[in-house]
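Architecture and fold: a report
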Amino acid sequence: MAGTGVIEDYVTGLSRTLRGPRRPKLDLITEARDSLLDTAEALEGDGLRRDEAERAAVEEFGPIREIAPGYQEELSKSAGRRLAVLLFVGVPLTAIMWNVIWKIFPSAPAYETMPDWFILVARGVDALQMFIGLVGGLALLALGRGLRRIRRPRLVTRALGLFVWAMLPVMLVSCGALMFGSRNSAGFEDYPPGTVASLVSYAIWSVQLYCAFRCLSITRREPAVATA
């Protein structure tokens, strides 16, 4: 017998309520739909009409306002893990990439022609990038094995998003200073590996900032407390 659409209406409402990464959200919605359909089929086998079976399955599953907070918490953790991986892997790799680029650059920068502060700032940027990667690693650990001790992982995800946005002006100023200080490195602007490295760096930072924005958007409100 054809379904009445009660389950589909419920699943659609749940999907509209949740915010988070597309793939994890789709997995959660699919899991909820499969569970509801299995329950409805079992009830239909017990003698209920299909429409009654679907309504009973939905009632047994619980109102959206009660089950949505748990699902939203899972999506918050998923978004936080995604950003943490980007920081843990992407930022240190970017630092290593630029160190290699400067070592193989045919016309290595003449440091004696650069400002006295150049080396200090360059080392500071390298250290800052490694620190950002470390923070990403700690957040990844906290949203993994650390979940057994962390009661509000949503706050970890939100803090990570705020951290990335807080680092943005620092990195922009520091990298801008390095670009200004290395202006005497003739030929670098037309150096293909340097161009590729610049594009990769911009792409990595853009993705990280987007994921940080998503983390802040997903966690901007405390999930509603389920009622009994």
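Everything that follows concerns the structure shown earlier in this document.
I will try to describe carefully the structure that is included in this document. The structure presented is a predicted model; accordingly, all values stated were derived computationally and were not measured. The residue numbering used here restarts from 1 in each chain and proceeds along that chain's sequence as written. Where local features are concerned, this predicted model is filtered to residues with pLDDT of at least 70; where side-chain atom pairs are given and counted, the filter is 80 or more; whole-chain, interface and lining totals use all residues. Excluding hydrogens and water, the side-chain values take into account all heavy atoms of the structure.

**Considerations on the overall build of the protein**
Helix and strand labels come from DSSP, where a helix needs a run of H or I of at least four residues and a strand needs a run of E of at least two; each type is numbered from the N terminus. For the protein, the count of helices and strands is seven helices and zero strands. In sequence order, the secondary structure elements of the protein are arranged as α-α-α-α-α-α-α. In the protein, 84% of the contacts between residues at least 6 apart in sequence involve partners at least 24 apart. Of the accessible surface of the protein, which amounts to about 13300 Å², a share of 62% is contributed by carbon and sulfur atoms. Throughout, a residue-residue contact means that at least one pair of heavy atoms, one from each residue, lies within 4.5 Å. Accessible surface area values rest on a Shrake-Rupley calculation with a 1.4 Å probe, where residue burial reflects the displayed protein chains alone.

**A closer look at a nonpolar patch on the surface**
On the surface, a nonpolar cluster with roughly 690 Å² of combined accessible area is contributed by Val85, Phe88, Val89, Leu93, Ile96, Val100, Ile104 and Met130. The leading source of residues in the nonpolar patch is helix α4 (residues 64–104), at seven residues. Secondary-structure assignment places Ile104 in helix α4. Here, patches come from residues exposed beyond 30% relative accessible area and free of salt bridges, joined within 9 Å for like charges and within 5 Å for nonpolar side chains (Val, Leu, Ile, Met, Phe, Trp, Tyr). We count a salt bridge whenever a side-chain nitrogen from Lys or Arg sits within 4 Å of a carboxyl oxygen from Asp or Glu.

**Focus on helix α2 (residues 22–45)**
Multiplying one less than the number of residues by 1.5 Å gives the expected span of a helix. Here α2 is 24 residues long and its end C-alpha atoms lie 34 Å apart, about the 34 Å a rise of 1.5 Å per residue gives. Backbone geometry just downstream of α2 places Gly47 in the positive-phi region, at approximately 115°.

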